[in-house]
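Secondary and tertiary structure notes
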Amino acid sequence: MPRKAQTAEEKEIARAARFERTQANRRGRHNPAVLPAKLTRTSAFAPRKKGLDLDSTTRIYAVKPHSVVEVHGRELGSQHRDALYALFRVRAARFELTNPEWREGADFRVQKTIVIYETSTTWRALLQATGRTAHVNNLATLLRSLEEMRSVSFRIYPGTYEQYEAGIAKGRLPGAGFSDTLISEISWSGIDLDSRLSIRYGKWVRDMFESRTLVSMDGDTYFKLKSDYAKSIWPFIDGKPTHSWIDDVDVAALCGEDYLSAPIKRRVKFRGEIRQAFDDLVRAGGLASWSCDAIGAGRLKTYRYRWNHQRLRQAELDFQPDAGEAPDAG
């Protein structure tokens, strides 16, 4: 049955209620990473720094029922996620520019202006955002991580996982979507720590900024984590304020593994790695405590990880930055 359209008054009431929830749930945090919500729902990064697959292929990352992201190109690892999340900790400015392809009397589909989002900072500030030592020896490593991310294409589907699965089963495209890079352009003025570095985002990220589908993630906690598995789990935990548990299948999906298809020995080893990851989340100050419940018995036994957040909850942000200004998580 089609949903009944809301009246203008009902929309305003819903907007006000959403704003109140956002204000009530906002966590006080220093220098958060403000990033597209899809990047917290699904981890498109392998939980390791070494042994990454450099061959061009397609990887499907899905956390049911939240999101599906296809990554086309080389495998991305923890160092790439670190660089990206550090980038989202630095203010991004919105600019509206004249479209060079527009001409008087042009086709109405050719927009007169185009919107870009760009982060302009220094090598030093970006390195500090990662929690790493601000040293010139780290510049090449940081730039290489950004360039490797720029070389990878992300295919995004706005629908549900069920719609995606149904389309794939028929050998078809699952539905509407687009393929794009996270980063479209990188430029720098020099190789000193205080040289300027400018990074422009791809269309998907720009659209997320424009639609205000953003989440504020505790970057301080993220960059204190030692476990690569913890870094895969924390964005999901911190980006979904109403959740307080996750099942073994989903936590494995966040880490790029298929838990149900894994041999018994791998499942046992994986559960040990996840326990260490949750301990790391407590040590880093993200969680106050956590526990694991065994559900069922024998071969049908599953595990559910529960947690208590260290801080008050943070809802999804509902804002749109002005031209020339950056989104500020507060």
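The structure presented is a predicted model; accordingly, all values stated were derived computationally and were not measured.

1. Re the packing of helix 3 (residues 78-87) against helix 9 (residues 228-239)
Two numbers describe how helix 3 lies on helix 9: the axes approach to 10 Å, and their chain directions differ by 45°. When the axes of helix 3 and helix 9 are compared, the pair comes out oblique. Where helix 3 crosses over helix 9, the two elements pack in a sense that is left-handed. Facing S78, R81, D82 and Y85 of helix 3, the residues of helix 9 in contact are D228, K231, S232 and P235.

2. Brief notes about the pattern of salt bridges
With the rule as written, the count across this model stands at 18 salt bridges. Here E273 and R266 are joined by a salt bridge, their closest N and O atoms 3.1 Å apart. Taking the relative accessible area as the measure of exposure, E273 reaches 15% and is therefore buried. What emerges from the salt-bridge pattern is a single network uniting E257, R266, K269 and E273.

3. A closer look at the pairing of strand 12 (residues 287-295)
Across eight bridges, the pairing between strand 12 and strand 13 (residues 302-309) is antiparallel. Looking across to strand 13, one finds that S291 is bridged to R306. As consecutive antiparallel partners, strand 12 and strand 13 are separated by six residues, and within that stretch G296 has a phi angle of approximately 85°, a positive value.

4. Digging into the layout of surface pockets
Of the volumes computed, that of the largest pocket is approximately 420 Å³. Taken together, 17 residues line the largest pocket, and the ones lying closest to its centre are A62, K64, Y161, A253 and D258. Broken down by secondary-structure element, the contributors of at least two residues to the lining of the largest pocket are strand 2 (57-63), helix 6 (161-169) and helix 10 (248-254). There is about 250 Å³ of room inside the second largest pocket. Lining of the second largest pocket is provided by 15 residues; of these, K49, D82, T130, R132 and K231 occupy positions nearest its centre. Of all the secondary-structure elements, those providing two or more residues to the lining of the second largest pocket are helix 3, helix 5 (139-150) and helix 9. Class assignment for the residues of the lining of the second largest pocket results in four nonpolar, four polar and seven charged.

5. Focus: the sheet that holds strand 3 (residues 67-73)
The four strands are arranged 2-3-6-7 in an open sheet whose pairing can be described as antiparallel. At either margin of the open sheet sits one strand with a lone partner, and together these are strand 2 and strand 7 (178-180). Each neighbouring strand pair of the sheet contributes to a mean axis angle of 20°, computed without reference to strand direction. Relative to strand 7, strand 6 (residues 153-156) is paired through three bridges, and the arrangement is antiparallel.

6. Regarding helix 3
Counting buried residues in helix 3 gives nine out of ten residues, a clear majority hidden from the surface. Along helix 3, the residues that are buried comprise S78, H80, R81, D82, A83, L84, Y85, A86 and L87.

7. What about empty space enclosed by the protein?
Applying the stated rule across the entire model yields one cavity of 30 Å³ or more. What lines the largest cavity is simply L39, T40, T42, S43, R81, Y85, K231, S232, P235, F236 and L254. Going through the elements one at a time, helix 2 (38-41), helix 3 and helix 9 are the ones with two or more residues in the lining of the largest cavity. In terms of residue count, helix 9 provides more of the lining of the largest cavity than any other element does, four residues in total. Looking at the lining of the largest cavity residue by residue, the class counts come to five nonpolar, four polar and two charged.

8. Quick look at the packing of aromatic side chains
Following the criterion strictly, the structure yields 14 aromatic pairs and no others. Summarising the aromatic geometry, the rings of Y259 and F270 are spaced 6.2 Å apart at their centres and angled 55° between planes, so their arrangement reads as tilted. Of this pair, Y259 sits in the loop between helix 10 and helix 11 (264-283) while F270 is found in helix 11, placing the two residues eleven residues apart along the sequence. The exposure class assigned to F270 is buried, which follows from its relative accessible area of 2%.

9. Notes on the pairing of strand 9 (residues 196-201)
One ladder, built from five bridges, connects strand 5 (residues 113-122) with strand 9; its direction is antiparallel. Pairing of E118 across the sheet is with R200, part of strand 9. Pairing of strand 8 (residues 183-188) with strand 9, which is carried by five bridges, proceeds in the antiparallel orientation. When the sheet's bridge partners are listed, W188 is paired in strand 9 with L197.

Thresholds, definitions, all that
- Residues numbered from 1 in each chain as written.
- Predicted model: local features only at pLDDT ≥ 70, side-chain atom pairs only at ≥ 80, totals over all residues.
- Heavy atoms only, no water.
- Axes fitted to C-alpha atoms, helices over the stretch in contact; angles between N-to-C directions.
- Helix = DSSP H or I, 4+ residues; strand = E, 2+ residues; numbered from the N terminus.
- Parallel < 35°, antiparallel > 145°, perpendicular 65-115°, else oblique.
- Left-handed = near helix turned anticlockwise from the far one by under 90°.
- Contact = heavy atoms within 4.5 Å.
- Salt bridge = Lys/Arg side-chain N within 4 Å of Asp/Glu carboxyl O.
- Buried < 20%, exposed > 50% of the residue type's maximum accessible area, 1.4 Å probe, protein only.
- Pairing = 2+ DSSP bridges.
- 1 Å grid on protein atoms, 1.4 Å probe; cavity = no way out; pocket = protein on both sides within 12 Å on 5 of 7 lines; lining within 4 Å.
- Points joined across faces, edges and corners; volume = space filled by probe spheres on them.
- Nonpolar A, V, L, I, M, F, W, Y, C, P; charged D, E, K, R; others polar.
- Phe/Tyr/Trp six-rings, centres within 6.5 Å; stacked < 30°, edge-to-face > 60°.

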